[in-house]
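For reference, the chains in residue letters:
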Amino acid sequence: MPAEPLKIGLIGAGRIGRLHAEHLTLRIPTGAVLVVADTFEEAARQCAESYAIASYTQDYRAVLEHPDIEAVVICSSTGSHADIIEAAAQAGKHIFCEKPIALDLPSIDGALEAVKRAGVKLQIGFNRRFDANFKRARQAVERGEIGRPCQFDIISRDPTPPPIEYIRLSGGIFLDMTIHDFDMARFLMGSEVEEVFALGEVMCDAAIGEAGDVDTAIVSLRLANGVIGTISNSRRAVYGYDQRVEILGSAGAISVGNNYPNTAIISDSTSVRRDLPQHFFLERYGESFVAEMTAFINAILYDTPVPVTGYDGRAPVVIALAAHRSLEEHRPVRLSEIER
């Protein structure tokens, strides 16, 4: 283990930024946060005070100019990600960035080119890859435990819709929500997506439709290895955070169910029941956030490849853009159309 922890600057002190701050200051001894930045100074101050971070600022450029900081964790608004990645790369800082890198390919490609020129490491925050359940499903595919994969189904439903202000800036359900599932399809199957067909409706909240988005969607996918699959999304599942996967193979199947706060099952004369699933992503994927950040830090300290690359951040955006075009044009869309 290196003698000194990695010195980190945190950019963005919202919900996900505070989560990373908590893990880096309380659970990951190989990382040390020196500065937190947020455009809302009060958010930066509160984060710094809550997690005993020595300094805070309104200007992320002050983080990049700090001579001791070796890496940055970008948790700011999506529209700022690509610019901050480019600036951080030019400053010689290694980079962890929450998804998505940007909502358009030219911005993403510009950021990735800056990273390549600078020779720094970039990891994208697709934390579900680090979830023990999904890692086991990937392992089953890699080891051939279920034979040749034939079909997969991913169910991903949130307990409640986000605020409409967030919806308007999110890029839409495919770039905001389904993007995790597009990454899961690539990760679990070990293959690239070639074609998608998307259906979507407004079934939960009319205001989401008025904002130009859908809240309920199904996407069919065809992968380069011949596997076909579906992704089912909803912005509202009243019973909690619904996160399930099933993979059918030529010699068996593997499924991942929801996580629950306990294993108790109550049986009486009228029913057999249990408590609802864990309510949202902070509860369901808490350990995966710790694991992904630990992996990022280790990749820098030991000079090894990051487990989720810039290309891994770009590929789901291409799929999301294809899904959006499919929804608009009511037809299957090949990803090659988007790349053109």
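To be clear, the structure that these remarks concern was listed above.
Let us look at the structure shown here. On a predicted model such as this, the values are computed, not experimentally measured, just so you know. The numbers attached to residues start from 1 for each chain and follow its sequence in the written order. Per-residue local features of the predicted model are confined to residues with pLDDT of at least 70, and side-chain atom pairs are confined, for both listing and counting, to 80 or more; whole-chain, interface and lining totals are unaffected and use all residues. Working from all heavy atoms in the structure, the side-chain values ignore hydrogens and water.

### Looking at the nonpolar core
So, step 1. What is meant by a nonpolar core is a set of buried Ala, Val, Leu, Ile, Met, Phe, Trp, Tyr and Cys residues, joined one to another through side-chain atoms within 4.5 Å. For each residue, the accessible area found with a 1.4 Å probe, counting protein chains only, is set against the maximum for its type, and the residue is called buried under 20%, exposed over 50%, and partly exposed in between. Counting 99 residues, the largest nonpolar core has I95, F174, L221 and I247 as the members making the most contacts within it.
So, step 2. The residues contacting I95, other than those within four sequence positions of it, are V72, I74, I85, A88, A89, V115, V120, K121, L122, Q123 and F296. Contacts: residue pairs with any heavy atoms within 4.5 Å of one another.

### Some words on the state of the cysteines
A covalent bond between the sulfur atoms of two cysteines is what we call a disulfide.
So, step 1. Note on terminology: pairs of cysteine sulfur atoms within 2.5 Å are recorded as disulfides. Scanning all chains against the criterion turns up zero disulfides.
So, step 2. C75 provides the cysteine sulfur closest to C47, a residue in no disulfide bond, and the two sulfurs are 9.2 Å apart.

### A few points about the sheet that holds strand β11 (residues 242–249)
So, step 1. Overall, mixed pairing links the seven strands, which are arranged β12-β11-β7-β10-β9-β8-β15 in an open sheet. A single partner strand is all that each edge strand has here, and the edge strands are β12 (252–256) and β15 (333–334).
So, step 2. Paired strands, in this sense, are two strands between which DSSP finds at least two bridges. Numbered from the N terminus, helices here are DSSP runs of H or I no shorter than four residues, and strands are runs of E no shorter than two. Here strand β9 (residues 216–223) pairs with strand β10 (residues 228–234) via seven bridges, running antiparallel. If you follow I218 over to β10, its bridge partner there is S232.
So, step 3. For helices, the fitted axis covers only the stretch in contact; all axes are lines through C-alpha atoms, and the angles between them, taken along N-to-C directions, range from 0 to 180 degrees. Against the sheet, helix α6 (residues 132–142) touches β7 (149–157), β11 and β12, its axis set at about 165° to β12.

### Quick look at a nonpolar patch on the surface
So, step 1. Where nonpolar side chains cluster on the molecular surface, the patch consists of V238, Y239 and L276 and spans about 320 Å² of accessible area.
So, step 2. With respect to the element layout, V238 can be found in the loop between β10 and β11. What goes into a patch is any residue over 30% in relative accessible area without a salt bridge, connected to like charges within 9 Å or, for nonpolar side chains (Val, Leu, Ile, Met, Phe, Trp, Tyr), within 5 Å. Methods summary: accessible areas were calculated by the Shrake-Rupley approach with a probe of 1.4 Å, and residue burial reflects only the protein chains presented. We count a salt bridge whenever a side-chain nitrogen from Lys or Arg sits within 4 Å of a carboxyl oxygen from Asp or Glu.

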